[in-house]
Amino acid sequence: MNINAVNKKRIILWVAVIIVSALFAYSAIADLHPSTQTEAKGFTVPLVVNAKGLNVKKGTKIPVRAKGKETKSQKPVDTTFYAASDTGIDLQPGSYTLTIVASPIAEDGTLYDVQNATTKVDISEDGKADIEHELTIDPIPAQDVTDEQIDEAYKAAKNGDEDVDKLNDLKLKIIRNRVKATTDENSEYYWSHANNSPNTMEVTGKHFYETPYFYIDVPAWWDPDNWKAKQDSDVSWTVSYIFVRNEYYTLGAAISFFVSKTKEDPWPDNVSPTVYIGETSDGQYVFAGYDAAATILSHLTITPK
């Protein structure tokens, strides 16, 4: 038994082949069925895509580019459609190359290698289609995912009219998967990598935590299960982050924030330094204090209101 074959998810993309002039076409995926058309006699061409773990309803659609030439008119064709969309592509008889132009994104943030995901199809005048071969896109190991691949997948999905909030959540999963795969929990990678990573606001367009006086944004790759913010009083908050968690021990640190009506140090007796963050629009002052959490503070983005 071929284990790899069993574990792969087999997705069939249906490309509508229109053999007379019409404005109707469809594309469907997996268990979606084409609508019945009366305007023109049509044939379906099954393009099989093997993609382990991909569910296009919970992840994103598969962007497929059709490029070629119609037989009768010799008209060039170059268009992209998105598998699982209710908008298909009209293909007249001719010869075409079908290419997956960017990775779809699985529900868990997995990306796929689409470098060689291309095949050819010849459609005869009577609608019969000869497809060269089915396509297989393998998951990319999380540690090997590049920023370029993330950007390409995100852009393609956005062009396919995916919900932006859904896309932002998937992008966060990709980033976090990569970090988890490239370091163990005891590594300094968490802190060095953050210098080159976007924060949550830059990825999602939404602040991760809000107080009446300031916003807090954290590195996008931080696991949300490992950090929390809580309000201690009307003018004070604590942010904590666990950066080592294993079967033997848990190691973390915390930062205190305080809002004052004066610019004087709110913790003058503390041995650890107090950091002045900035002034709010109504003339109040935001301070941060820490013990062993200087590294964490350096990766937070604190924006006074």
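Trainee: Explanation requested: the overall build of the protein in the structure shown.
Mentor: The number of helices and strands found in the protein is six helices and 19 strands. For the protein, the residues scored as buried account for 42% of the 305 residues in total. Residue pairs at least 24 apart in sequence account for 58% of intrachain contacts in the protein once pairs closer than 6 positions are excluded. Entry remark: accessible area of the protein is about 16,300 Å², with carbon and sulfur atoms responsible for 47%.

Trainee: Can you help me understand the pattern of salt bridges in this one?
Mentor: Side chains that carry opposite charge are capable of pairing whenever their charged atoms lie near each other. What the rule picks out here adds up to five salt bridges. A salt bridge links Glu210 to Lys305; its shortest N-O distance comes to 2.6 Å. In this pair, Glu210 sits in strand β12 (residues 209-210) while Lys305 sits in the segment after β19 (301-304), placing the two residues 95 residues apart along the sequence. Here Asp232 ties to Lys230 by a salt bridge, and the two come within 2.5 Å at their closest N and O atoms. Using a relative accessible area of 37% as the deciding quantity, one classes Asp232 as partly exposed. A relative accessible area of 44% places Lys230 in the partly exposed class.

Trainee: Is there a simple way to think about the sheet that holds strand β9 (residues 129-131) in this case?
Mentor: Strand pairs in the sheet, formed through backbone hydrogen bonds, run parallel or antiparallel to each other. Across the sheet, which stays open at both edges, the five strands sit in the order β5-β4-β6-β8-β9 with antiparallel pairing between neighbours. Of all the strands in the sheet, the pair left with one neighbour each is β5 (76-83) and β9. Adjacent strand axes in the sheet meet at a mean angle of 20°, parallel and antiparallel pairs treated alike. Pairing of strand β4 (residues 62-70) with β5, which is carried by eight bridges, proceeds in the antiparallel orientation. Paired with Lys67 across the two strands is Asp78, which belongs to β5.

Trainee: Honestly, the nonpolar core in this entry has me stumped. Any pointers?
Mentor: Across soluble globular proteins, nonpolar side chains have a tendency to be buried as a group. In terms of nonpolar packing, the biggest core is built from 37 residues, with Leu111, Phe214, Ile216, Trp222, Ile255, Phe257 and Leu300 touching the most fellow members. With six residues, helix α3 (residues 164-182) is the largest single contributor of residues to this core. Residues in contact with Leu111, not counting those within four places in the same chain, are Ser103, Pro104, Ile105, Asp138, Pro139, Ile140, Val145, Gln149, Ile150, Ala153 and Ile174. Counting 23 residues, the second-largest nonpolar core is a separate cluster that includes Ile62, Tyr96, Tyr112 and Leu135.

Trainee: Looking at this structure, I do not really get the packing of aromatic side chains. What am I missing?
Mentor: Aromatic ring pairs are described here by two measures, namely the spacing of the ring centres and the angle between the planes. Inspection of every chain in the model, using the stated rule, returns six aromatic pairs. Between Phe258 and Trp267, the ring centres sit 6.0 Å apart and the planes meet at 65°, which makes this aromatic pair edge-to-face. Phe258 sits in the partly exposed class, given a relative accessible area of 24%. Put simply, the rings of Tyr213, Phe214, Trp237 and Phe257 pair up and form one aromatic cluster.

Trainee: Sorry, what's going on with the sheet that holds β19 here?
Mentor: On the basis of which strands lie adjacent, the open sheet formed by three strands has the order β12-β13-β19 and antiparallel pairing. With partners counted over all chains shown, the strands left at the sheet margins are β12 and β19, one partner each. Looking at chain direction, β12 and strand β13 (residues 214-217) are connected through two bridges and run antiparallel. Within β13, the position partnered with Glu210 by the bridge is Tyr215.

The rules behind the values
- Residues numbered from 1 in each chain as written.
- Predicted model: local features only at pLDDT ≥ 70, side-chain atom pairs only at ≥ 80, totals over all residues.
- Heavy atoms only, no water.
- Helix = DSSP H or I, 4+ residues; strand = E, 2+ residues; numbered from the N terminus.
- Buried < 20%, exposed > 50% of the residue type's maximum accessible area, 1.4 Å probe, protein only.
- Contact = heavy atoms within 4.5 Å.
- Areas by Shrake-Rupley, 256 points an atom, 1.4 Å probe, with all protein chains shown as cover.
- Salt bridge = Lys/Arg side-chain N within 4 Å of Asp/Glu carboxyl O.
- Pairing = 2+ DSSP bridges.
- Axes fitted to C-alpha atoms, helices over the stretch in contact; angles between N-to-C directions.
- Core = buried A, V, L, I, M, F, W, Y, C linked by side-chain atoms within 4.5 Å.
- Phe/Tyr/Trp six-rings, centres within 6.5 Å; stacked < 30°, edge-to-face > 60°.

The values reported here are purely geometric and, on their own, carry no functional implication.
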